[in-house]
Amino acid sequence: RIELLDISSNRITANDAPQLSRLLQECPSLTSLDVQQNTLSAAGAGCLADAPCTGLENLNLRWNFIASSGAVQLGSLLHRCPNLRTLDLTGNSISDDGAGSLAEALGSCPDLIGLTLLLNAVGT
C-alpha cells in the first residue's frame, strides 16, 4: 500500500501523464505525490486533471512548465481531490487566468491549507 510517491527530477513528460493518472486511480491510499522538476506541461496537467484522487492530500507540481492553460485544467483536478491539503505550483509560468481558475475551484478542497504560486506570472 503506497502512501507517498516521490518521482521528482525524472524527466517525466506529458507522454507519461496517462500513467500518472492511472496511478492515482489504482492507488487510492496514495496521499502524497511529488512530481516536481519534470516537464509535464499543460498537456500533462490535463491528463492529471481527469484522475480521481479522493485520498490525495499533498501534490507537488513545481517546475513542470504547466502554464496558465494547464492551471485551468488543474482546476478540474481540485474538484476530484476533496482531501487536498497542499498544492505547490511554483515556477510554472501561471498567469492571472490560471490562478483565477484555481481560485474558483478552491471551494472543492475545504482542507486546503497551502497553495503555492511562487515565481509565476500572477499579477504581472
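Up top is the structure these notes are about.
Counting of residues starts from 1 at the beginning of each chain's written sequence and follows it residue by residue. Local features in a predicted model are, by the rule used here, given only for residues with pLDDT of at least 70; side-chain atom pairs are given and counted only at 80 or more, and totals for whole chains, interfaces and linings are based on all residues. Computation of side-chain values covers all heavy atoms of the structure but excludes hydrogens and water.

Caption draft 1: Region of the structure containing the pattern of salt bridges. Any Lys or Arg side-chain nitrogen located within 4 Å of an Asp or Glu carboxyl oxygen qualifies as a salt bridge. Scanning the model with the defined rule gives two salt bridges in all. The partner of Glu3 in a salt bridge is Arg1, with the nearest N and O atoms 2.8 Å apart. Think of it in three bands: with a 1.4 Å probe and only protein chains considered, a residue is buried below 20% of the maximum accessible area for its type, exposed above 50%, and partly exposed in between. With a relative accessible area of 80%, Arg1 lands in the exposed category. One salt bridge connects Asp88 with Arg62, and the closest N-O pair in it is separated by 3.2 Å.

Caption draft 2: Local environment of the side chain of Ser32. Locating Ser32 in the fold gives a position in strand 2 (residues 32-34). A residue is classified by how much of its surface remains accessible, and Ser32, at 15% relative accessible area, is buried. Pairs of residues are marked as contacts when any of their non-hydrogen atoms sit within 4.5 Å. Setting aside residues up to four positions removed in sequence, Ser32 forms contacts with Glu3, Leu4, Leu5, Leu56 and Asn58. Numbering of helices and strands starts at the N terminus; helices are DSSP runs of H or I of at least 4 residues and strands are runs of E of at least 2.

Caption draft 3: Focus on unusual backbone geometry. If you check the backbone angles, Ser93 has positive phi at about 60 degrees while not being a glycine. Residue position: Ser93 is located in the loop between strand 4 (86-88) and helix 4 (96-105). Judged by its relative accessible area of 53%, Ser93 falls in the exposed class.

Caption draft 4: Here's a closer look at the sheet that holds strand 4. Reading across the sheet, the five strands line up as 1-2-3-4-5 and stay open at both edges, with parallel pairing between neighbours. A single partner strand is all that each edge strand has here, and the edge strands are strand 1 (4-6) and strand 5 (114-116). Taken over all neighbouring pairs, the strand axes of this sheet differ in orientation by 5 degrees on average, direction set aside. When DSSP finds two or more bridges between a pair of strands, those strands are recorded as paired. Here strand 3 (residues 58-60) pairs with strand 4 via three bridges, running parallel. Residue pairing in the sheet places Leu59 in a bridge with Leu87 of strand 4. Axis lines are fitted to C-alpha atoms, over the contacting stretch for helices. Their N-to-C directions set the angle, which ranges from 0 to 180 degrees.

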